[in-house]
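# Residue-level structural notes
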Amino acid sequence: MESGNEKFEIEYGNSTLKIEQISLPGQVLFKVIFPDSTPPVVVLRATDYNQSRFWTSMPEGRQALAEKIGPLIEQYYRSKTK
């Protein structure tokens, strides 16, 4: 992924979500802004005790949403490298 705070949009259901990449030392976060009154969420890739990577929200509590949006963010980056 590129450095800096890239902004892009992804399709989620019938909505377009605005995504802002936030690069911190050793970690990349993504702030997700919804087009309606849904509060923004920050999602990131984390590693569990088995070294398996998964998407989670920060702060915790919106895990299900992170698991749906995270792969769409991955798909966006994969499409840029083709």
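Residues numbered from 1 in each chain as written. Predicted model: local features only at pLDDT ≥ 70, side-chain atom pairs only at ≥ 80, totals over all residues. Heavy atoms only, no water.

### Quick look at the pairing of strand β2 (residues 15-24)
- Relative to β2, strand β1 (residues 7-12) runs antiparallel, the two being bridged by six bridges. Following the sheet pairing, K7 is matched in β2 by E20.
- Following β1, the chain reverses through two residues before pairing antiparallel with β2; G13 in that reversal takes a positive phi of roughly 65 degrees.
- Pairing geometry for β2 and strand β3 (residues 27-33), over seven bridges, is antiparallel. Within β3, the position partnered with I19 by the bridge is V32.
- Joining the antiparallel neighbours β2 and β3 is a turn of two residues, in which G26 adopts a positive phi near 80 degrees. (Pairing = 2+ DSSP bridges. Helix = DSSP H or I, 4+ residues; strand = E, 2+ residues; numbered from the N terminus.)

### Quick notes on the pattern of salt bridges
- The full count for this structure, using the stated rule, is four salt bridges.
- Linking K18 and E9 is a salt bridge whose minimum nitrogen-to-oxygen distance equals 3.4 Å.
- Taking relative accessible area as the criterion, K18 reaches 48% and is therefore assigned partly exposed.
- A salt bridge links R78 to E74; the nearest nitrogen and oxygen atoms lie 3.1 Å apart. Of this pair, R78 and E74 both sit in helix α1 (residues 63-81), separated by four residues, roughly a single helical turn.
- When salt bridges that share partners are traced, they join R45, E74 and R78 into one network. (Salt bridge = Lys/Arg side-chain N within 4 Å of Asp/Glu carboxyl O. Buried < 20%, exposed > 50% of the residue type's maximum accessible area, 1.4 Å probe, protein only.)

### Brief notes about the sheet that holds β2
- Read from one edge to the other, the open sheet built from five strands follows the order β1-β2-β3-β4-β5, with strand pairing classed as antiparallel. Across the chains shown, the open sheet's two edge strands, defined by having one partner strand only, are β1 and β5 (53-58). Each strand of the sheet is rotated relative to its neighbour by a mean of 35 degrees, with strand direction disregarded.
- On the sheet, α1 packs against β1, β2, β3, β4 (41-47) and β5 and is oriented at approximately 115 degrees with respect to β1. (Axes fitted to C-alpha atoms, helices over the stretch in contact; angles between N-to-C directions. Contact = heavy atoms within 4.5 Å.)

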